[in-house]
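# Structural overview for review
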Amino acid sequence: FKQAYPNIRVTCHHSNDHKIQLDVKYDLIFALHEHSLPESDWVGRNLISFPQSIYCCLHSANQIKVKSIQSLANVGSIGDESTAIWYFRNKDKVEAVEVESSFVLTSPEMQMASLSNSQFVAKLPDFHVNIAGYDDKLAKLALPAQPLAKQLTVLYQNRHLPMRTRLFLDFFQSHLSEFSQ
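Description of the structure in this document. (Residues numbered from 1 in each chain as written. Predicted model: local features only at pLDDT ≥ 70, side-chain atom pairs only at ≥ 80, totals over all residues. Heavy atoms only, no water.)

### Some words on the sheet that holds strand S1 (residues 28–33)
Taken together, three strands build an open sheet; the order of strands is S1-S10-S2 and the sheet is antiparallel. With one partner strand each, in any of the chains shown, S1 and strand S2 (43–50) form the two edges of the open sheet. Adjacent strand axes in the sheet meet at a mean angle of 20° when their direction is disregarded. Sheet analysis places S2 next to strand S10 (residues 150–156), joined by seven bridges and oriented antiparallel. (Pairing = 2+ DSSP bridges. Helix = DSSP H or I, 4+ residues; strand = E, 2+ residues; numbered from the N terminus. Axes fitted to C-alpha atoms, helices over the stretch in contact; angles between N-to-C directions.)

Encoded structure:
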């Protein structure tokens, strides 16, 4: 983007906070989320969906049996925080499971590397596993319900975006397909 538009300044900020702070000093806020976003005056548009699965080591796939989504709370897991809520779509409702992580590893790459030689499970976006080349080392766990996809939503204060913001958003959207493979 900076090569194409060198005179436009882009300031980015990343937060793992699950509560989205709608700050008027930003033109755009990108929210990566599984659950509904809070009500606000901001305009929100879903950009892309990242399907997720519960992964385990290929050697453990036949040993880990999950009869109900709630039983995942009793399976050792690797996650990016010590306690997480995993959401699943079960027919026409969403189920939530609180999962305690046995290991806390903040990057998907570290989680995949640790999973490939363990008895643990982790919830990961499918594209991470595909791009990192772990398709032949990890298995998707058979579950009675599917994890909710992560949604990438862009939020902006009103429908009339400044030209510089529109240029950045259009550029960003045109490159999103690289992540959905």
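### A short note on the nonpolar core
Within the largest apolar cluster, 17 residues are counted, with the highest numbers of intra-cluster contacts made by Leu72, Trp86, Phe88, Val121, Leu141 and Leu143. Elements with a minimum of two residues in this core: strand S3 (52–57), strand S5 (83–90) and strand S6 (93–104). Here this core gets three residues from one element, more than from any other, and that element is S5. Contact partners of Leu72, with chain neighbours within four places excluded, come to Val66, Trp86, Phe88, Val97, Leu141 and Leu143. By size, the runner-up hydrophobic cluster in this structure holds 15 residues, among which are Phe1, Leu47, Ile48 and Val154. (Core = buried A, V, L, I, M, F, W, Y, C linked by side-chain atoms within 4.5 Å. Buried < 20%, exposed > 50% of the residue type's maximum accessible area, 1.4 Å probe, protein only. Contact = heavy atoms within 4.5 Å.)

### Some points on unusual backbone geometry
A positive phi angle, close to 60°, is found at Lys91, a residue other than glycine. Its location among the elements puts Lys91 in the loop between S5 and S6.

### Observations regarding the packing of aromatic side chains
Two aromatic rings are characterised by how far apart their centres lie and by the angle between their planes. Tallying each qualifying case throughout the model produces eight aromatic pairs. Taking 5.1 Å as the distance between ring centres and 40° as the angle between the ring planes, the aromatic pair formed by Phe1 and Tyr5 counts as tilted. With a centroid separation of 5.2 Å and 85° between ring planes, the pair formed by Phe103 and Phe120 is classed as edge-to-face. Highlighted residues: Phe103 in strand S6 and Phe120 in the loop between helix H1 (108–115) and strand S7 (121–125), separated in sequence by 17 residues. (Phe/Tyr/Trp six-rings, centres within 6.5 Å; stacked < 30°, edge-to-face > 60°.)

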